Structures are given as structure tokens and as C-alpha cells.
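Now for the letters of each chain:
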Amino acid sequence: MITVTHRRYVPYSHAHYAGNLVDGAYSLGLFGDVATEVCIRLDGDEGLFASYSDVQFKAPVKAGDVVEVTATVVHMGTRSRRIEFTSAVVCRGTDGSAAAVLAEPIIAVTAVGTVVVPPKS
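Residues numbered from 1 in each chain as written. Predicted model: local features only at pLDDT ≥ 70, side-chain atom pairs only at ≥ 80, totals over all residues. Heavy atoms only, no water.

The name given to the chain in an unreviewed UniProt entry is 3-aminobutyryl-CoA ammonia lyase, and the organism recorded there is Winogradskya consettensis.

1. Examining the pairing of strand β5 (residues 66–76)
As a reminder of what qualifies: When DSSP finds two or more bridges between two strands, those strands count as paired. Comment: elements are numbered from the N terminus, with helices defined as DSSP H or I runs of at least four residues and strands as E runs of at least two.
Both strand β1 (residues 3–9) and β5 contribute to a ladder of 7 bridges, which runs antiparallel. Each bridged residue has a counterpart across the sheet, and for Tyr9 the counterpart in β5 is Val66. Strand direction decides the pairing type here: β5 and strand β6 (residues 80–93), joined by 10 bridges, are antiparallel. In the strand pairing of β6, Val66 is matched with Cys91. Counting the residues in the hairpin turn of β5 and β6 gives 3 residues.

2. A few points about the packing of aromatic side chains
Put simply, the test is: A pair of Phe, Tyr and Trp rings is counted when the ring centres sit within 6.5 Å of each other, with Trp represented by its six-membered ring. The angle between the planes then sorts it: under 30 degrees is stacked, over 60 is edge-to-face, the rest tilted. The rule is simple: take the accessible area with a 1.4 Å probe, protein chains only, and divide by the maximum for that residue type; under 20% is buried, over 50% is exposed, in between is partly exposed.
Scanning the entire structure with this criterion turns up 4 aromatic pairs. When the ring of Phe49 is compared with that of Tyr52, the centres are 4.7 Å apart and the planes differ by 35 degrees; the resulting orientation is tilted. A residue is classified by how much of its surface remains accessible, and Phe49, at 32% relative accessible area, is partly exposed. Its relative accessible area of 31% is what places Tyr52 among the partly exposed residues. An aromatic cluster of three or more residues is present, and its members are Phe31, Phe49, Tyr52 and Phe85.

As C-alpha cells, this is what we get:
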């Protein structure tokens, strides 16, 4: 199948909770971005997100982190693509402008979702 990966710095403007925590919707938005690239690469169209069948929030994402979001297609139907998503913290913001590259990524969010694309003409 296909795997697509994006990396993104999490800006402080996205901190939503005490301790510079970012809400879970931040990772879900990134899943939408990476799913769009999957659809473009496979079908030449942005596609549309149809549903999530599973979302697991496993660890916090904080402002100042760098996250790596991966989408792997695990099933292709005629117009649907089932995708497994992972959001992993690969760098953790520390104090002020400091950050550390993590020896092992922290898996923050996992999900399974379905996207649909237009019929082939």
C-alpha cells in the first residue's frame, strides 16, 4: 500500500490547557492533512474524510513539541481507503525556546479512519 509522513512544530498559539497542553483535535487535524496527501498520491483527488472507527489519546502533545504524523493505507475499496494514523512526539519542548530530540518517540494519538474519493471516470 502507501505510507505518508508529515512533521510539524506545535506552536505555542495552539496551547489550550494549563501546562501548554494542546487539545486532541490538533492531531486529528493533522490526520486530515496527511490523509489528503494519501488521496492525492493514490487517486489524484483530495478525497473526503468519512469516519473514524477508533481514536486513542495515549500521551499529551504540548506546545513546543515536534510531532510526526503517519498515515498508512491498510485497505482499498472501490472508492474508500481505510487508513491507520499515528501521531508521535519526536522532539519535546522544554523551557523557553529549548527543546530536546527524544531518543524514542512518544506515541500520542492513534486512529483508524476511512476516506472516500470520487468514482473513476
